[in-house]
Structure formats: C-alpha cells, structure tokens
Amino acid sequence: MAAPKEIEVRRLAGGEARAHLDGLAGVLRDCVEGGASVSYMAPFSDEDARSAFDGFVAEAERGRRLIIAAFDDGKLVGTVQVILALPPNQPHRGEIAKLLVRRSARRQGIARRLMERAEAEAVAVGKTLLVLDTVTGDPAEALYTGMGWTRVGVIPNFALYPDGRPCATTFFWKALAESPRP
C-alpha cells in the first residue's frame, strides 16, 4: 500500500516567492480556466497570470502581503495571500485574498491547511482581525464557516465569473486575538 501524500504548506519568504512565480501563476491560471471568480476574465493567458503574480510577489517583497503556498511532492498546487498593507487606522487587520487550489488537487484538505497557515502567519506579524470575501454558494463559503469565520452578509451581483456572468459575494471576518487597546 502506498504511503499517503505529504502536502507541505509554508510561507514563501524573501526571494522564494519570486523563485516560484511560474508555479503560482500556473495555479491562478488553472483556477480562472476552471471558472473561479478571482478578479480575472477569460481569456486568461500564462502571461496574464504571471503578470498578476509578479505584482503580488513585488508586494510581498515590500512587506505589504504574505504569500503562502502548498506543495504536493514539490509541485505547487495551492496558494493564499494575506494583505497587510491597509490604512493607518487598521494596523491590526489583514485581508485574506486569492485562496486558490489547482482543480486536480482539490478535496484533499489543502484549502483548509492554507487557511490555517494564513491565520497563523497573520498572528505572527501582529494581526488580530482578518476579513475576506468569496462567491456566495461556492464550496469555500462552507470552508470558512466551518473554520469559525463569521458571515457578515451578501452583496448581489458584486463580481463576475471569468465568462462574464454575475455572481454574489459573501463577506466574512474572524478575530484571531484580542485587539490592542489604544
């Protein structure tokens, strides 16, 4: 009997995110091609995906976001980001963005592990509150609820799927620790 697969989830620090730019872009392109509403429209090329992640990596290099990645036997199969650069009156808050898992790697708990690591990394850099949004009715909505996130509400027709159809968006928040008092 084969040993179970070992999925490694880690923050891509320093130049490591840049070194994995093609893998990150590949995950994004796979998700957009699969119809995920994650800010991009079809057609969506390798160049488009690489350009998007080049910008995210530049933000991470400036300390403005964290990039977390999941690897299956060395292949990058998922990613999530924590946006740290928010207005001066919100130094305690971060925002979860772009939870992406390759279609071929789904239903293995990778998204949950990415979120657990994102929350831990956010705490490690002093964040006590996280927010996020997701397509209403998407499997990610159930994931967030199951992980203790609080549903705020739904905005209809908030975004579009890559094919141009409108979709509603559900907003969530989660307290990670007591917020510091001024």
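Further remarks concern the state of the cysteines. Overall, the coordinates contain zero disulfides when judged by the stated rule. C167 supplies the cysteine sulfur nearest to C31, a cysteine that is in no disulfide, at a spacing of 15 Å. Under the relative-accessibility criterion, C167 is labelled buried at 5%.

To continue, consider the pattern of salt bridges. Pairing between side chains becomes possible if they bear opposite charge and their charged atoms approach one another. Counted according to the given criterion, the structure contains 16 salt bridges. A salt bridge links E61 to R18, with the shortest nitrogen-to-oxygen separation between them at 2.9 Å. Here R18 lies in helix α1 (residues 16-19) and E61 lies in helix α3 (residues 46-61), a separation of 43 residues in the sequence. Assessed through its relative accessible area of 32%, R18 is described here as partly exposed. When the shortest N-O distance is used, the salt bridge between E141 and R151 registers 3.7 Å. Here E141, found in helix α5 (residues 139-146), pairs with R151, found in strand β6 (residues 150-160); they are ten residues apart in sequence, far enough to count as distant.

Criteria and thresholds
- Residues numbered from 1 in each chain as written.
- Predicted model: local features only at pLDDT ≥ 70, side-chain atom pairs only at ≥ 80, totals over all residues.
- Heavy atoms only, no water.
- Disulfide = S-S within 2.5 Å.
- Buried < 20%, exposed > 50% of the residue type's maximum accessible area, 1.4 Å probe, protein only.
- Salt bridge = Lys/Arg side-chain N within 4 Å of Asp/Glu carboxyl O.
- Helix = DSSP H or I, 4+ residues; strand = E, 2+ residues; numbered from the N terminus.

Keep in mind these numbers describe shape, not what the thing actually does.
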